Each structure stands twice: as C-alpha cells, then as structure tokens.
Amino acid sequence: MPADAGEPVLRGAFITVEGGDGAGKTTLVRSLAECLDRAGRRVRLTFEPGGTELGRRLRSLVLDPKLELGDWDETWLFLSARASHVQEVLKPALAAGELVFSDRYSDSTLAYQGHGRGLDIDRLRRLNAEATQGLQPDLTLLLDVPAEVGLARTRARSADADRIGDADLAFHRRVNAGFRLLAAGDAERIVVIDASRDASSVLADAYATVNDWLEARATDS
Ligand code: T5A
C-alpha cells in the first residue's frame, strides 16, 4: 500500500461499505483502517446493525433464527438500530472531524428489505431519511460478489444459523441485484468493487478509491 497519503483529513467524512452476505465487508474495513492508519489517517470503524448498545441488542433479535418476524417488523428493528447509531455515534464523530467507516448503512435496508423482501422502496427511502436525520454517506464502496460465493464464504466460516443469512439463494440474488441497481442510480456516490477476487486485490482497489476520494476532497476544500 502507498505509505505517503499526505496530511490527515481534518474534517469529518462518512464512508460506508455495502454488499451481500459474505461479500467481505468486515475483512475489508479492518484492513483498510490499518492501511489508512499507517498512512497517517485515523479511522473510526463502526457497523450496523450494532454500533450502539441498543443496536447490538436489536441485532441479536433481528438475526435470531428462532424469532418469527414480519418483513415490516424486521425493517423497524433495523431502522431503530440506525437511528441510535446516527444519533449516538455517527453525528458526534463527524462533528468532531473524524473519518468514519460504517460496515453497512441505509443502502442495506433498500437492498434487503426493498429488493429482497419486496417492500416499497420509496417508503423505505422516506423512513431511512427520518431514521438518519438525512445523514447520507459521502462515499460508498459496494462489494459485488455472486450470492452463492458470498454464502459459501459465510457457511465455510461458521455453521451458526442466522435468520437473514439463511434465507434462500433467490432472496440473496435479489439483494445483490438490488445493490447493483442502487449503484447504477447513484454512480457519483457508490463505487462498485469486484469482490469475487482475493482479499488483497479487493483491498488494493478499495484503498486507491478511498485515497483518491480523500485527496480530491482535500483539494476542493
Ligand atoms: N441487514 C442489515 C438487513 O437486512 N437490513 C439492514 O438494514 C442491515 C443494516 C447483518 C444481516 O442483516 C442484514 C444483512 C445481513 O444479512 P451480519 O452478520 O452483519 O448480519 O452480516 P454481514 O454484514 O453480511 O456479515 P458477514 O460477516 O456475513 O459478511 P462480510 O462482512 O461481508 O464478510 P466477512 O469479511 O466477514 O467475510 C466472510 C468470510 O469470507 C472470507 C473471510 O475471511 C470470512 O471467513 N473472505 C474472503 N474469502 C475469499 N476472498 C475474499 N476476498 C474474502 N473476503 C473475506
């Protein structure tokens, strides 16, 4: 990785990493944070659902395979987790000028509950806007991988049941197609990365994208 990335960013920037189950988001954000840290940019990592005490508790509910939930009940849990995440973590960190990476955010609701479950996308957008108080990511990395590849990765890692991860392949394909549609509709913000390659190739692309974006932002300001 390039070591000389210039001065650390002085004002807040909000970057999200999205993709289907097993796309490699968690692996990537950790490696990216290490590379950026070595280049002198301190990063705050956070995630959804989670990132706050309420978010962590809602996460265990919403992923519990023993719990039967309607599609809107599921949605409200993700939105509640997001609202607390924005209020308690994201807004204060960005106000303090931090560089924040979130492993999943509002696009996940559009892809999973909208395209995957078939709920009304416009309504989900409105609810997302309320839950986030209008906070949009500045940049989103979409890790694109065929659903069967992502699911094979998560199943190789753990046999633990997961209410959403265990949904059928057709659901996960709709989710991935949904993410690609979101990217096509917002190409300025969402950068698609081929995540079917090895982790170091994915990291190299992601690092270059983020670094270029941060440098362009510093030049503009
Ligand atoms: N959800 C979430 C919604 O439905 N709506 C919402 O609004 C939100 C916010 C969250 C679930 O909730 C859903 C989406 C999810 O189904 P989760 O456990 O956080 O549950 O699920 P994921 O975010 O998908 O987490 P995963 O761990 O399943 O996937 P990751 O983070 O994409 O993948 P990662 O990095 O953990 O890697 C998985 C395995 O693959 C390996 C890793 O070593 C690991 O073993 N790996 C690679 N292998 C080969 N090549 C690569 N490039 C690899 N990268 C990682």
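Rules and cut-offs
Residues numbered from 1 in each chain as written. Predicted model: local features only at pLDDT ≥ 70, side-chain atom pairs only at ≥ 80, totals over all residues. Heavy atoms only, no water. Helix = DSSP H or I, 4+ residues; strand = E, 2+ residues; numbered from the N terminus. Rg over C-alpha atoms; globule rule 2.2 N^0.38 Å. Buried < 20%, exposed > 50% of the residue type's maximum accessible area, 1.4 Å probe, protein only. Contact = heavy atoms within 4.5 Å. Areas by Shrake-Rupley, 256 points an atom, 1.4 Å probe, with all protein chains shown as cover. Lys, Arg positive; Asp, Glu negative; His and termini not counted. Charge placed at Lys NZ, Arg CZ, Asp CG, Glu CD. Near = heavy atom within 4 Å. Polar contact = N/O pair within 3.5 Å; in protein donor to acceptor, adjacent residues only side chain to side chain. Nonpolar A, V, L, I, M, F, W, Y, C, P; charged D, E, K, R; others polar.

*Asks:* Just to check I follow, could you spell out the overall build of the protein chain for this structure?
*Replies:* Tallying secondary structure elements over the protein chain gives eight helices and five strands in all. The secondary structure elements of the protein chain, listed N-terminal to C-terminal, are β-α-β-α-α-β-α-α-β-α-α-β-α. Taken over the C-alpha trace, the protein chain has a radius of gyration of 17 Å; the compact-globule value for 221 residues is 17 Å, and the two agree within 12%. By its C-alpha atoms, the protein chain is 50 × 35 × 30 Å across when sized along the principal axes. The buried share of the protein chain, taken over its 221 residues, is 47%. Considering only intrachain contacts with a sequence separation of at least 6, the fraction spanning at least 24 residues in the protein chain is 81%. Looking at the protein chain as shown, the accessible area adds up to about 10,700 Å², and 50% of this sits on carbon and sulfur atoms. Averaging the positions of the 28 positive and the 35 negative side-chain charges in the protein chain gives two centres separated by 2 Å.

*Asks:* Help me understand the site of the ligand, please; the structure alone is not making it clear to me.
*Replies:* In the vicinity of the ligand, 25 residues are found, and the nearest of them are Lys25, Thr26, Thr27, Arg104 and Thr109. Contact distances for the ligand include 2.8 Å between an oxygen atom and a backbone N or O atom of glycine 24. Within the backbone of arginine 197, an N or O atom sits 2.9 Å from a nitrogen atom of the ligand. When contributions to the shell around the ligand are tallied by element, the ones reaching two or more residues are helix H1 (25–38), helix H3 (71–95), helix H4 (106–116) and helix H6 (147–157). If one sorts the elements of the shell around the ligand by residue count, H4 sits on top with four residues. Its residues assigned to classes, the shell around the ligand shows seven nonpolar, eight polar and 10 charged.

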